[in-house]
Structures are given as C-alpha cells and as structure tokens.
Amino acid sequence: MDDTTLVPIAGNGLLPLRALNRRQLLTGLGAGALALPSAALAAGGRPPWMQGAGAGMRGYGTPSPAETVGRVAIASQPGTTGSGASRTPLAALEGTITPSGLHFERHHSGVPTIDPVAHRLHIHGLVEKPLAFSLEALERYPLVTQLRFLECSGNSAVNLAAPEAPDLDVATLHGLVSQSEWVGVPLSVLLEEAGLKPGAAWVIAEGADAAAMSRSVPLGKALDDAIVALYQNGERLRPENGYPMRLFLPNYEGNMSVKWLRRLKVTDQPAMTKDETSKYTELMPDGRAAQFTFTMGVKSVITRPSKGYGLGAHGIYPITGLAWSGQGEIRRVEVSADGGRSWADAALEGPGGPGAMVRFRMPWLWQGQPATLVSRATDSTGTVQPTREAIVDARGPQSLYHYNGQQRWQVSAAGDVRNSYV
Amino acid sequence: MFKRLVSPCLAGLLLAGAASALSATPGAPGLGAPLTPAVLAGIELTVLPTGEGLPSGEGSVTEGAALYQQHCQACHGAEGQGGMNGDLVGGVGSLATAAPKKTVTSYWPYATIAFDYIRRAMPYTAPGSLSADEVYAIVAYLLSRDDVVPKDAVLDAQGLAAVKMPNAEGFYPGE
C-alpha cells in the first residue's frame, strides 16, 4: 500500500484521488460490506439467465426491468396535469449526459402532440422576407452540435426561499438541470435568409403549445450561438423537449429555449411577456425587480453522498457531483468535508467546454465522524460559486431565480445525509 | 431603459449580423417559403408594451365581471383571489415587504401583458376561444379590482396601452 494514499489532503478525511483506484485499500477498510450478493454462486455457478437463450432484438431499447429510475418530484398546478415540472434524478445518474427520457421538464400548458409534417417555423417582423420553414427544409441546412447543460432559472429556489433547510433530496432540490447533445440549425443562418431590417434588436420566440409560451431574446444572442434544435442525444427531440423543433440558447435560463418553436418575430423592443415580467424576474428587498438576467451562474452540487444516498460501513466513499456555468468553462471544483473550513480540489471528468457540465470526484475516508460536505465551483471567468449567505445578503430570499448557492449536506454519525444551511 | 441592454459587444454583433445579411450563408440552401400576410394574420399573437399588436374591439368592467365568473373564477377564485391557482389581484404595495404578493395589479409593469397572456394562454382548457372584446373586458375587470382603472372603464387598444400600472417603474435590466 502506498503510504501517502491515506494521508488526507483536507480536513475530516478527504483523500487523494488515487484512493479510489486502490482495491487493496478496500480490503483493509471494511471491504466485507462491499461483497457482492452470492446469488450467482448459489445457483451452482450457472444462474438462471445462463441456462437458456436470452431475449431477442427489438426496435427501440428500454432500461433493464430491474432499474426503476425515473423523473422525480413531478408536480403540476392544481387542476392541471401538464402545467408544472419534473426533475432529473441526479443522484441515480453518472457521467455527464442526461438520458433524454430523464431530462427535466417544465411545461406551461402540457406537452402538445404535433404533426411534424404540418408544423412550420415562421420568421417575420423586421425582416426583408417573412419566411416559413418546414422540418424537412430545416434538415437540409448545415447542422451544428453542442454539448450543453440546460437549467431552469427556478432550479434550487427552495434553498433560497425556505428559512430553514428543507429535508429534500438532491433531485428535488436541484433536478431542474440536465445535459444533452443538441443538434440544430444556427438561428443566424435563418435570420440572414430572412434579412434583418434596420432597427432589429430583439427576437420574440413563441411555442406551439396551448399556452403559446413566449419569450424575448436579444438579437445578439440569436446571432451568436442560438440554434433551432432538431436532435437531442442523437435522436429527434422528445415531445417533452420540444418535438419537432425548439429554440436552444446555450447558457441562458431554460425558459428562453422555447420548445415546439413556431414563430420568431423580429422587433425593436422586448415584448415584456408574462414569463419575462410576472415570472423569471428577481424581486429585490427594496421591491424592485431585476429583469433579463439571462445567463446561468457558476454552480456545483454533490450528488452522492446526498439524502437517500447515505453511508453504511465505515471506509472509503466517493464524493461525486456535477458542475456547470453559463459564463464559460468549469475550471475547478473544490470539496470540503468540514463545512468549508478546509478544501481540496476534486478531479474533473467529461468532455467539458463552454456551457458544458462536468463531473467531479473526490475520495473520502469516513469512519463514522459527523461531517458537512460542500462543493464550490470556479469557472473560466474566475467567478467562484457563492455561499447561500452571500446570495441572501446580496438580494434577499424572495429573488427566487438564478440561485446558485453552495449545497451543504450534513452527514450524521449513523451515515444519514440531509440538506443543511450550516 | 432597453437601450442600456445593448452592450458594446452586443452592438458589434448587431452590426456583424446586419453586414452578413447581405450575403447568403455558405451551404445554406435557402429553403424558407414565403410567409404570406394572410397566414401571418392568423398566427400573430404578440402584443408589445406600446400597444402594437392589439386588435380592434373593446370591453367594459361590467362585461368583464360576468365573463370572469364564467371563464376564470373556477381556478382563480371569486373576484380574482382565493382560488386554487394564483391570485390575480391584490398585493399592491406589498413588494418591498417580507411577504410580497405578486399579482397582475401589484407586479406586472404593463397592462398589455395581461391582454397578450390571456389571449394566448387562457382559459387553460380552451385557449384562443375568447373574442378580442371578451379579453378587453376581462382585463378591464381585473384592473378595476385594485382601482387601476375605474369601475366604469371601457378598454380598447388605445385605452389599454395608456393604462399606468402600479409597478410600471419596478423593473430594471439585471446583469
């Protein structure tokens, strides 16, 4: 055994990454609890699934019946079924891609059933040539690929608004964020084809859902990296993610990436729609509200250990989680096991890049000591993820949106984990 | 207010966009079909704060009270409050308190937003079913609950755009 492997790199048991790669350490530290169930051996060396041919091929695969993972905290406005949200089960997933069927949802009047042949994207307003595009037509344009997180600006809001830390799991608290590989047509190409007129400054986007959900997008963003997305994770968009086409605005609050995109009106001013005034604005303690706060801030969250994913036998456990920033690339994630008194750098994984979510990992030696686990991310602008206290001090608990405070998990001597502000 | 949103960087992009619009994007097949005014008239829903996009028609507070009972009350409560979904009125003056109440009358900066939103999204089970006159009337009724307009008001495009909302100055461009 490497003598330095078990030397903590920060307080309360944080270990160097190589601790996760040393099997012999597990042998020395309660590995008995990790022993696999011996069903295979009990079957005399040939379990039932080895005693006959398995199932045949099928047109579209689904997860193993043994897997029960699904979206969580599904809630809709009273009297409705499709006016609300569902959340990505963050703690149950690994890597950095969110399976399309587990991408979070936020709908304002349900998921429309759209005929992809009849659907059109209309572009009009301050343009030379008002145009309509079919899905078939858009397929013939040069497509671009973007690995990007998408986060609802209301994600994590309960941890800002609730005066005491609510006893909720990571998916319920922070599951309005997901990551996909989005493929689509650069919006700039379509706007150029229509021809912008002088005075063009905003693009009003509208969906083909029953609420005709609408948001105003600055023209600069529309011409920069906005796409009309047609594919998600290699296949056509799922209905709940905007089939057959959605606006996708990297790094901006999720509500602006209007799903089921039907209409883009170029204007000289924002439309001040309900969802950019009544909602998605941040009310300050003085009664005024910040509007058009589009970019999602630098953020990270430990997904395991977390509530419901506690600790058992004493030994080495991986601390892992996700980090992302709408301001640039994630450059660093630090982890603390002593509530922020000492920190160590976690290892970062994933393709990364601007607007991409990365995974972080840190080994931790837990020997029954109470602990408070925290992570904080730093992005390529040098911005460090703030504490909850800093955000409350800066803009009060009623500002709701764009909350990116550090998540703290309190670990008890019994290995249970719960949400904490302290 | 909105000019300030156009940063030097963004202004550069605008210029770049305007310049490049003169030439076609390489590889772009140019497959957009002409969008005729007739088709556009059938799908246009956007109302700007200036009132641009408001249709002709008018509606009174009195008419709105009856329409509200018929189409809105089941979800939003009698007289705009106390329903199973969000309160639409009340809370004027509460925004700077520890218990702010955000409603159409207390929070929304322009009356045009209410017309735009009701016409595009409400009633929840039958969006698009209300006539322009009916939408004007319901907006007039809601605004009258907090005396934003008089109890005998009749709103049309011009009148609606001229309404001064209690929180008209309450928003500023964030970072």
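For clarity, every value in this text was computed on a predicted model and none was experimentally measured.

Caption draft 1: Structural context of the overall build of chain A. Counting secondary structure elements, chain A contains 8 helices and 24 strands. For chain A, the C-alpha radius of gyration of 24 Å lies close to 22 Å, the compact-globule estimate for 422 residues. Each of the three principal axes of chain A carries a C-alpha extent, and together these read 75 × 65 × 45 Å. For chain A, with 422 residues in total, the buried portion stands at 49%. If you take every contact in chain A between residues at least 6 apart in sequence, the share linking residues at least 24 apart comes to 71%.

Caption draft 2: Up close: the interface of chain A and chain B. Counting residues at the interface gives 58 residues for chain A, matched by 50 residues for chain B. The leading source of residues in the side of chain A that touches chain B is helix H6 (residues 187–194) of chain A, at 5 residues. Looking at the side of chain A that touches chain B residue by residue, the class counts come to 26 nonpolar, 20 polar and 12 charged. Here 2 bridges tie strand S5 (residues 131–134) of chain A to strand S1 (residues 33–34) of chain B, and the two strands are oriented antiparallel to one another. Across the sheet, A:Ala132 pairs through a bridge with B:Ala33, a residue of S1(B).

Caption draft 3: Representation of the sheet that holds strand S22 (residues 371–379) of chain A. Residues and elements named next belong to chain A. On the basis of which strands lie adjacent, the open sheet formed by 5 strands has the order S19-S18-S22-S23-S24 and antiparallel pairing. The open sheet terminates on both sides in strands that have one partner only, identified here as strand S19 (344–345) and strand S24 (417–420). In this structure, strand S18 (residues 330–336) lies alongside S19, joined through 2 bridges in antiparallel fashion. Bridging across to S19, Val335 finds its partner in Ala344.

Caption draft 4: Highlighting the confidence of the model for chain B. Residue and element names in this part refer to chain B. Overall, the prediction assigns chain B a mean pLDDT of 89, with 86% of residues at 70 or greater. Counted against residues more than four places away or in other chains, residues 1–23, with its pLDDT under 50, gives 24 contacts. For this predicted complex, the interface confidence reaches an ipTM of 0.91, while the overall pTM sits at 0.92.

Rules and cut-offs
Numbering of residues starts from 1 in every chain and runs along the sequence as written. All chains are assigned letters beginning with A, and all ligands numbers beginning with 1, in the order in which they are written. Local features in this predicted model are restricted to residues whose pLDDT is 70 or higher, and side-chain atom pairs enter the listing and the counts only when it is 80 or higher, whereas totals over whole chains, interfaces and linings include all residues. Counting from the N terminus, the helices are the DSSP runs of H or I reaching at least four residues and the strands are the DSSP runs of E reaching at least two. Our radius of gyration looks at C-alpha atoms and nothing else; its globule reference is 2.2 Å times the residue count to the power 0.38. Here a residue counts as buried when 20 or more other C-beta atoms fall within 10 Å of its C-beta, as exposed when 12 or fewer do, and as partly exposed in between; the C-beta atoms come from the backbone. This entry defines residue contacts through backbone-placed C-beta atoms, with two residues in contact when those atoms are within 7 Å. Side-chain classes are defined by residue name, with Ala, Val, Leu, Ile, Met, Phe, Trp, Tyr, Cys and Pro counting as nonpolar, Asp, Glu, Lys and Arg as charged, and the others, Gly among them, as polar. Here, strands pair whenever DSSP counts at least two bridges between them. pLDDT measures how confident the predictor is about each residue, on a scale from 0 to 100.

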